[in-house]
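Next come the chains, spelled out residue by residue.
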Amino acid sequence: MAGKRNSKDYGDYSYIKSHDKYRYDDDYDEYDEYDDEYYDEYDDEPDEYDEGYDDYEDEEGETYSRQVKMSGKSVKKQKRKKLIELWFFFIVFAVVICVAYVEISKRLYRGEPISADLVGDIIHLDADYSIADVINDNHERYMKKAYVYVEGQYQKISANVERNAFEDIATEFSVPDGKKYVHYTGEKEISDGTVIDVSSYNKDVNWAAVKESGVEGVMIRTGYRGYGEDANIVADQYFTSNFAGARDAGLNVGVYFFTQAVTYEEGVEEAKYVLSQIGGAELSMPIAIDTEYVDADESARANNIDNTARTDAIVGFCETIKEAGYTPMIYANRNWFLTRFEIDRIGKYQFWLANYSLLDFPYHIEGMQYTPEGNVSGVSGNCDVNVWFHE
């Protein structure tokens, strides 16, 4: 209490220094109240105290910690200072943790910065963000070179089948000035020609007019296998006249057969039929087997056979043609080639691709049918038109 601060104890009496008098201890409380009022008159600090500790040195240099009295204002100030210090250290600690987390995350995600000896045709994928654009570009190029997107999924491109030589379809295929048909105009060492394909649907053809229009070759249908259980081989009723007329006009001539074979043996049978139709004549173009999905007739027997059976039938045809001394070829559209064959087994034969939009086909192409609606002099109605390639 305040009175004890200014008094000395003399038994039952207390000497009050500030008032130069003695009082009985029984009167201490009365004085204590008086003394507090006196003290407050000269003290601008609040009447609140707290205990703290202070360090001091004695005459010999020893450091001691002693308990001291502190005003409430000083206590609040000291607490505020400590709180600010705690917040400061907390913020610094949080910043250090965040920076460390970000750096560790980056390191784990990026891997080590790319070294000079790894830079080449392929950029390794553990490179730094600084070459992210290069990595993304390389990834896209890799995907295009290694996979092809077909029917909702990426399909690995076979390393056993020769790739095509085309790079920029938008500029490599065009109609040159003074020409009527699409040509290959790229820089690769490939020469091209315009080829049409015809069947009995085109009826009588003026082959001299076809030649005059700039067409260089023709693929003529020899026949087809019927649908249903019988699946008989049927001759194209215009084959004989078309075959003779095209040859007489000086066109390069090849032939094709529309297949419904479901076994290797049936493929062989179809090939032998074609050979009998051409009668040993010399051809300047291939003998092709036309394989495709028939959506107009549910009785088309080759629609839903498995890939092995379909490949067996195609191989039976092509091998028979090859053994007879002719060049075998397979006609199909992009998705049919990519999803309905065991591609490694047919990759050695020539490919004739039906493609009416942007070319996205990874394998070699010897002929490309680019429209079924061509307007060719000498042919009534629409006509299939192709770009043909040869070394």
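To start, this report covers the structure provided alongside it. Computed from a predicted structure; not experimentally measured. (Residues numbered from 1 in each chain as written. Predicted model: local features only at pLDDT ≥ 70, side-chain atom pairs only at ≥ 80, totals over all residues. Heavy atoms only, no water.)

**A short note on the overall build of the protein**
- If you tally the helices and strands in the protein, you get ten helices and 18 strands.
- Each of the 391 residues in the protein was classed as buried or not, and the buried ones make up 40%.
- The long-range fraction of contacts in the protein, counting pairs at least 24 apart against all pairs at least 6 apart in sequence, stands at 54%.
- Within the structure as shown, the protein displays about 24,200 Å² of accessible surface, and the carbon and sulfur contribution to it stands at 49%. (Helix = DSSP H or I, 4+ residues; strand = E, 2+ residues; numbered from the N terminus. Buried < 20%, exposed > 50% of the residue type's maximum accessible area, 1.4 Å probe, protein only. Contact = heavy atoms within 4.5 Å. Areas by Shrake-Rupley, 256 points an atom, 1.4 Å probe, with all protein chains shown as cover.)

**Quick notes on the environment of Val-161**
- Mapped onto the secondary structure, Val-161 falls in the loop between β7 (153-156) and α4 (169-172).
- Overall, Val-161 belongs to the buried group, its relative accessible area being 4%.
- Separated by 185 residues in sequence, Val-161 and Ile-346 have C-alpha atoms that sit 8.6 Å apart.
- Non-local contacts of Val-161, meaning those with residues more than four positions away in its chain, are made with Ile-343, Asp-344, Gly-347, Phe-351, Tyr-363 and His-364.

**Quick word on a positive patch on the surface**
- Where like charges cluster on the molecular surface, the positive patch consists of Lys-73, Lys-76, Lys-77, Lys-79, Arg-80 and Lys-81.
- Checked against the element boundaries, Lys-73 lands in helix α2 (residues 72-110). (Patch = residues over 30% accessible without salt bridge, like charges linked within 9 Å, V, L, I, M, F, W, Y side chains within 5 Å. Salt bridge = Lys/Arg side-chain N within 4 Å of Asp/Glu carboxyl O. Lys, Arg positive; Asp, Glu negative; His and termini not counted. Charge placed at Lys NZ, Arg CZ, Asp CG, Glu CD.)

**Points about the nonpolar core**
- Phe-173, Ile-196, Ile-287 and Ile-346 are the most contacted members of the largest nonpolar core, which totals 64 residues.
- When near neighbours in sequence (up to four residues on either side) are disregarded, Ile-196 contacts Trp-207, Val-210, Val-215, Gly-217, Val-218, Met-219, Val-376, Val-379, Cys-383, Asp-384, Val-385 and Asn-386.
- Ranked by size, the runner-up nonpolar core spans ten residues in total, among them Val-195, Tyr-331, Trp-352 and Trp-388. (Core = buried A, V, L, I, M, F, W, Y, C linked by side-chain atoms within 4.5 Å.)

**Details of the pattern of salt bridges**
- Summed over all chains, the structure comprises nine salt bridges.
- Residues Arg-345 and Asp-312 are paired through a salt bridge, measuring 2.7 Å at the closest nitrogen-oxygen approach. Here Asp-312 lies in helix α8 (residues 307-323) and Arg-345 lies in helix α10 (residues 343-346), a separation of 33 residues in the sequence.
- Since its relative accessible area comes to 31%, Arg-345 is described here as partly exposed.
- Salt bridges here are not isolated pairs; linked through shared partners, they connect Arg-225, Glu-269 and Glu-270.

**With respect to α8**
- Compared with the 24 Å implied by 1.5 Å per residue over 17 residues, the 24 Å span of α8 between its first and last C-alpha is a close match.
- In terms of burial, α8 is largely enclosed, as twelve of its 17 residues are buried.
- Where α8 is concerned, the buried positions are Ala-309, Arg-310, Thr-311, Ala-313, Ile-314, Val-315, Gly-316, Phe-317, Cys-318, Glu-319, Thr-320 and Ile-321.
- At its buried positions, α8 is contacted by β13 (252-258), α7 (264-278), β14 (287-290), β15 (328-333), α9 (334-339) and α10.
- Structurally, the start of α8 carries an N-cap: the backbone nitrogen of Thr-308 is 3.1 Å from a side-chain oxygen of Asp-306. (Expected span 1.5 Å × (residues − 1). Polar contact = N/O pair within 3.5 Å; in protein donor to acceptor, adjacent residues only side chain to side chain.)

**Looking at the side chain of Glu-270**
- Counting through the fold element by element, Glu-270 comes out in helix α7.
- Note on Glu-270: relative accessible area 0%, which makes it buried.
- One polar contact links Glu-270 to Thr-259, side chain to side chain, over a distance of 2.6 Å.
- Engagement of the side chain of Glu-270 in a polar contact is seen with the backbone nitrogen of Gln-260, the distance being 3.4 Å.

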